[in-house]
Amino acid sequence: MAAPGDAIYTRSGRSATASDGARLNLYCLGAGAPTVVFESGFLDWAPAWAVVQPRIARFTRACSYDRAGSGFSGPGPMPRTAERIADELHSALKSAGVAGPYILVGSAFGGDPVRAFAALYLEDVAGMVLVDADASDLEPAQMRREDDEGGQSFVPRLKACRDAIAAGKAPPDLPPVPGRPPRNCGTIFYRGLPDKVWSPALNAALLHIAATKTAMWDADISEMRETPADETWLQSHRRLLGARPLRVLTSGNHGVGHLETQRPTSLEHLKAEYEIALAQSRWLDLSTNARQVFTVNSSEYIQFDAPQVVEDAVREVCDQSRSPGRRP
């Protein structure tokens, strides 16, 4: 079941320096233009794209990377805002000689810096694919407030993990999830480590990073703390994409890493999923060439559970951005 060729993510790729001094780790595969650039979700880094990146590299250049502090990247300045993350990615791509314009692909939290990138550097954006991306800034006020409060309540747990790892102590256990194995700090990344979509070697590398890299915990804590401010920033820096193609992928299982752990169906759950899908649909107003695609048999990790959907969306955006005479 492991993604073929995922060994590339067990070691560092190419290092590129951002304008603020952060050194970001890049993995670029394939050739052609425009270049597809992947942005991972919260508690994720480049291996989140191990299944789809090689597929997309068959028809154009595809680059994933580790945000500052995570994976094989060095630490970056604080605070870790979506605006800073977008600026670091943009300048690191330029310093690495990876020319734009880019097709931006953002998963979950990764949708925030992707949208910030478009707001700051629209001239370097050829199109966008949002993979069950977070749309809290577009949700009803009460729902957004509950999301923000839930995220901030998780910060002390992250801090306890960070402090234990910094002190060389065994990672503390975390509250159990019904039907899932016991969890500790080292296993909470992605949708739970180890994951069957990766080889044993990659799982071992990811677990080692999670259990030893204090800078990654610092970055994750800051990213979570800054999320409410990021939402406000995105609201005030909304920028239209013109005719640049935009595809919005919606799973209907937001916040669910594995379908077998999906919350029991209830009216409250269905209403929440409806509001999230509706919030994501509001991105369709950003482009005159926008479409929402639903993947109801996928967890929020569409790139793992329905990789063909992600590949098709990226290919469509890529092909349309190459069309002669197309104008932003």
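All of these numbers come straight from a predicted model, not from anything done at the bench.

A closer look at the nonpolar core
Membership of the largest hydrophobic core comes to 93 residues, with the highest contact counts inside it found for V105, F189, Y190 and W198. Those residues within four positions of V105 in sequence are excluded, and the remaining contacts are V36, V37, F38, E39, W49, V114, V129, V131 and V314.

Observations concerning the state of the cysteines
By the definition in use, this model includes two disulfides. What pairs with C28 in a disulfide is C63, and their sulfur atoms sit 2.1 Å apart. Between C28 and C63 the disulfide shows an S-S torsion of about 115°. By sign, it is right-handed. Remark: C63 occurs in strand β4 (residues 62-66) and C28 occurs in strand β2 (residues 23-29); sequence separation between them is 35 residues.

A short note on the packing of helix α2 (residues 82-95) against helix α3 (residues 111-120)
For the pair α2 and α3, interaxial distance at closest approach is 8 Å and the crossing angle is 70°. On the basis of the axis angle, α2 is roughly perpendicular to α3. Note on packing geometry: the crossing formed by α2 with α3 is right-handed. Contact with α2, carried on its side by A82, E83, I85, A86, L89 and H90, involves D112, P113, A116, F117 and L120 of α3 and no other residues of that element. When grouped by side-chain class, the residues that make up the contact of α2 with α3 number eight nonpolar, one polar and two charged.

Thoughts on the sheet that holds β2
Consider a sheet: its strands pair through backbone hydrogen bonds, and that pairing is either parallel or antiparallel. Within the open sheet, the eight strands sit side by side as β1-β2-β4-β3-β5-β6-β9-β10. Their pairing is mixed. Either end of the sheet is taken by a strand with one partner, and the two such strands are β1 (14-17) and β10 (290-294). The sheet shows a mean angle of 25° between the axes of neighbouring strands, direction not considered. Here strand β5 (residues 102-107) runs beside strand β6 (residues 125-131); their pairing, made up of six bridges, is parallel. Residue pairing across strands places S107 opposite V131, the latter belonging to β6.

Brief notes about the side chain of D220
If you trace the backbone, D220 turns up in helix α6 (residues 214-236). Of the side chains with opposite charge, R67 lies nearest to the buried D220, which makes no salt bridge, at 5.4 Å. Beyond its immediate chain neighbours, meaning those up to four positions away, D220 contacts F42, L43, L158 and F189.

Let's talk about the packing of helix α4 (residues 141-166) against α6
One can describe the packing of α4 onto α6 by two numbers: an axis separation of 7 Å at closest approach and a directional angle of 165°. One element, α4, and the other, α6, form an angle in the roughly antiparallel class. Crossing hand, α4 versus α6: left-handed. Of α6, the residues touching α4 (which contributes R144, D148, G151, Q152, V155, L158, K159, C161, R162, I165 and A166) are T214, W217, D218, D220, I221, M224, R225, P228, E231, T232 and Q235. Looking at the contact of α4 with α6 residue by residue, the class counts come to nine nonpolar, five polar and eight charged.

Thresholds, definitions, all that
Within every chain, residues take consecutive numbers counted from 1 along the sequence as written. Side-chain atom pairs in this predicted model are given and counted only at pLDDT of 80 or more, local residue features only at pLDDT of at least 70, and totals for whole chains, interfaces and linings cover all residues. With hydrogens and water set aside, each side-chain value is computed from the structure's full complement of heavy atoms. We define the nonpolar core as a collection of buried residues of types Ala, Val, Leu, Ile, Met, Phe, Trp, Tyr and Cys that are connected through side-chain atoms lying within 4.5 Å of one another. Note on classification: 1.4 Å probe, protein chains only; a residue is buried when its accessible area is under 20% of the maximum for its type, exposed when over 50%, partly exposed between these limits. Residue contacts are defined here by distance: any two heavy atoms, one from each residue, within 4.5 Å place the two residues in contact. Any pair of cysteine sulfurs within 2.5 Å is marked as a disulfide. Secondary structure elements follow DSSP: runs of H or I of four or more residues count as helices, runs of E of two or more count as strands, with numbering from the N terminus. Helix axes are fitted only over the stretch in contact, all axes being lines through C-alpha atoms; the angle between N-to-C directions runs from 0 to 180 degrees. Angular relationships are summarised with four words: roughly parallel below 35 degrees, roughly antiparallel beyond 145, roughly perpendicular across 65 to 115, and oblique for the angles in between. Here a crossing is taken to be left-handed if its near helix is turned anticlockwise relative to the far helix by less than a right angle, and right-handed if that turn runs clockwise. Three categories are distinguished: nonpolar for Ala, Val, Leu, Ile, Met, Phe, Trp, Tyr, Cys and Pro, charged for Asp, Glu, Lys and Arg, and polar for the others, with Gly belonging to the last. Pairs of strands are assigned from DSSP output, requiring at least two bridges between the strands. Counted as positive: Lys and Arg. Counted as negative: Asp and Glu. His and the chain ends are not counted at all. We define a salt bridge as a side-chain nitrogen of Lys or Arg found within 4 Å of a carboxyl oxygen belonging to Asp or Glu.

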